[in-house]
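A look at the structure
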Amino acid sequence: MVQPEIKPRVYSVGAQDWQRKIFDELIPLPEGTSYNAYIVRGSEKTALIDTVDPTMTKELMHNLEEIKVQRIDYIICQHAEQDHSGSIPAVLTKHQEAVVVCNEKCKGMLIDLMHIPQDRFKVIQDREELSLGDKTLQFIFTPWVHWPETIVTYLKEDTLLFTCDFFGSHEASYNIFVTEKEKTRRAAKRYYAEIMMPFRISIRKHLELLTQYTISMIAPSHGPVYKEPLTILRAYDEWTGDSVKKQVLIAYVSMHGSTRAMAEFLSDALKRRQVETLLFDIAKTDIGELAMAMVDASTIVLGSPTFLVGPHPVAAYAATLLNTLRPKTKYFAIIGSYGWGTTMADYLTAFTSNIKAEILPPVLVKGLPRMEDLEKLDELAENIASKLLQG
Ligand code: FEO
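For every chain, the first residue of the written sequence is number 1, and numbering continues from 1 onward in sequence order. Per-residue local features of the predicted model are confined to residues with pLDDT of at least 70, and side-chain atom pairs are confined, for both listing and counting, to 80 or more; whole-chain, interface and lining totals are unaffected and use all residues. The side-chain quantities take in all heavy atoms of the structure and omit both hydrogens and water.

1. Describing empty space enclosed by the protein
Cavities and pockets were defined on a 1 Å grid built from protein atoms only: a cavity is a group of points that admits a 1.4 Å probe but offers it no way out, a pocket is an open group of points flanked by protein on both sides within 12 Å along at least five of seven lines, and a lining residue is one with an atom within 4 Å of any such point. Grid points are joined across faces, edges and corners, and a volume is the space filled by probe spheres set on the points. What the rule picks out here adds up to six cavities of 30 Å³ or more. Space inside the largest cavity adds up to approximately 60 Å³. Ser12, Gln16, Ser34, Asn36, Tyr38, Glu171, Ser173, Asn175, Ile176, Gly223, Pro224 and Val225 together form the lining of the largest cavity. When residue character is reported, Ala, Val, Leu, Ile, Met, Phe, Trp, Tyr, Cys and Pro are called nonpolar, Asp, Glu, Lys and Arg charged, and the others, Gly included, polar. Considered class by class, the residues forming the lining of the largest cavity number four nonpolar, seven polar and one charged.

2. Thoughts on a nonpolar patch on the surface
Nonpolar side chains (Val, Leu, Ile, Met, Phe, Trp, Tyr) are joined into patches within 5 Å and like charges within 9 Å, using only residues with over 30% relative accessible area and no salt bridge. Note on areas: Shrake-Rupley with a 1.4 Å probe; residue coverage comes only from the protein chains shown. Note on definitions: salt bridges are taken to be side-chain nitrogens of Lys or Arg within 4 Å of carboxyl oxygens of Asp or Glu. Residues Met255, Phe307, Leu308, Val309, Trp340, Tyr347 and Phe351 make up a contiguous nonpolar surface patch of roughly 750 Å² in combined accessible area. Every helix listed is a DSSP run of H or I at least four residues long, and every strand listed is a run of E at least two residues long, numbered separately from the N terminus. Topologically, Tyr347 is positioned in helix 11 (residues 344-351).

3. Examining the packing of helix 8 (residues 258-272) against helix 12 (residues 371-390)
Where helix 8 meets helix 12, the axes come as close as 9 Å, and the angle between the chain directions of the two elements is 45 degrees. On the basis of their axis angle, the class for helix 8 and helix 12 is oblique. In the packing of helix 8 onto helix 12, the handedness of the crossing is right-handed. Here Met262, Phe265, Leu266, Ala269, Leu270 and Arg272 of helix 8 lie close against helix 12, whose contacting residues are Leu374, Leu377, Asp378, Leu380, Ala381, Ile384 and Ala385. Looking at the contact of helix 8 with helix 12 residue by residue, the class counts come to eleven nonpolar, no polar and two charged. The angle between two axes is taken between their N-to-C directions and runs from 0 to 180 degrees, where each axis is a line fitted to C-alpha atoms and a helix contributes only its stretch in contact. Note that the term roughly parallel is reserved for angles under 35 degrees, roughly antiparallel for angles over 145, roughly perpendicular for angles of 65 to 115, and oblique for everything else. Two helices that cross are described as forming a left-handed crossing if the nearer one is turned anticlockwise from the farther one by less than a right angle, and a right-handed crossing if clockwise. The criterion used for residue contact is that any of the two residues' heavy atoms lie within 4.5 Å.

4. Some remarks on the environment of Glu382
The topology assignment puts Glu382 in helix 12. Looking at Glu382, the relative accessible area reads 40%, which means it is partly exposed. In this structure, the C-alpha to C-alpha distance between Glu382 and His222, residues 160 residues apart in sequence, is 43 Å. Pairs of N or O atoms within 3.5 Å make up the polar contacts considered here, provided that, within protein, one atom can donate a hydrogen while the other can accept it, and that residues adjacent in sequence are counted only when both atoms are side-chain atoms. A distance of 2.6 Å separates the side chain of Glu382 from the side chain of Arg273, its partner in a polar contact. Between buried and exposed lies partly exposed: a residue is buried under 20% and exposed over 50% of the maximum accessible area for its type, with that area taken using a 1.4 Å probe on protein chains only.

5. Things to note about the sheet that holds strand 8 (residues 46-49)
Note on pairing: DSSP must find at least two bridges between two strands before they are called paired. An order of 1-2-7-8-9-10-11 is seen for the seven strands of this open sheet, with the pairing classed as mixed. Here the strands that pair on one side only, and so sit at the sheet edges, are strand 1 (5-7) and strand 11 (121-123). Taken over all neighbouring pairs, the strand axes of this sheet differ in orientation by 30 degrees on average, direction set aside. In terms of strand pairing, strand 10 (residues 99-102) meets strand 11 through three bridges, oriented parallel. The residue bridging Cys102 from the neighbouring strand is Val123, located in strand 11.

As structure tokens, then:
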């Protein structure tokens, strides 16, 4: 298949990975993913922007042949993670003239991760430009999206921004460009939630920086290309901003039904007070859905039974995820049931120390909740609702 030109002499040459169901052995990929790579042909030099996952090297090579790429002068590595850098050694072997263009941090990582020889690098600085003849690449350092070495690349003459993981979405597609806006928005939000959310503050600064550039197209290295870049720029502005929705995320696990009864009672009590709730049984839920709900929720409630002497391992996992993803939630509470040990809440509080939210008093119940326990949950609902409805 001939790969489409996304701009004059700029070609998409990456790979669609329909079969991949999980990333990093952690993140579910309901829509598969893609590893996008791009050829930019200037009048004098040719650059390859990113490569693909090593499992898809053959597809990249095939796509390069399809558009008759004889020579690659530069391999621009925007991010050292192997799903984008994994085919660099194969491209370097085939194109002996090529050098890897990246920043100093990325160079060190590629030497460690890929054993790329020292003499195959050209190190660039922030905002440095590289001429391909009638096309010019400018490199903009955007650290912590989501590794410390990440950059984006601006093709000046075409006002095209290559962004690697930034603005990406795990979505395999026959279409190079966004065609189903809502589907891609969801995939991009899931991607943001799972990978970018902990770096929200850095990303906000980069968004501010990008306002200095005229951008007519955004070409990430996962998911479709944006011909209407404002859609994803505005979505990122919303997700990384400080405002939250009046939503309460209740994530629970229950062994014998007591914690479930508490979670459902709390959810109903909040709904009666006109507060929207998102209820997740974390033993069964897709963690991507849970992560997406964390992006906007003003309040997160974690429910766990006591398992032996601590929290249920599934709740501990959810707490670790929360602590890692660091959502911008304003309020956080723990609820749960126990038989004889009462340290569950202490463990979960310790596991979630990164969350910069107001901690609401926990509601812990011995066995099945009694009327007085339900009253405590009702008080928690009232407390949350009054904070949200006043705020
Ligand atoms: Fe798509 Fe951070 O790699």
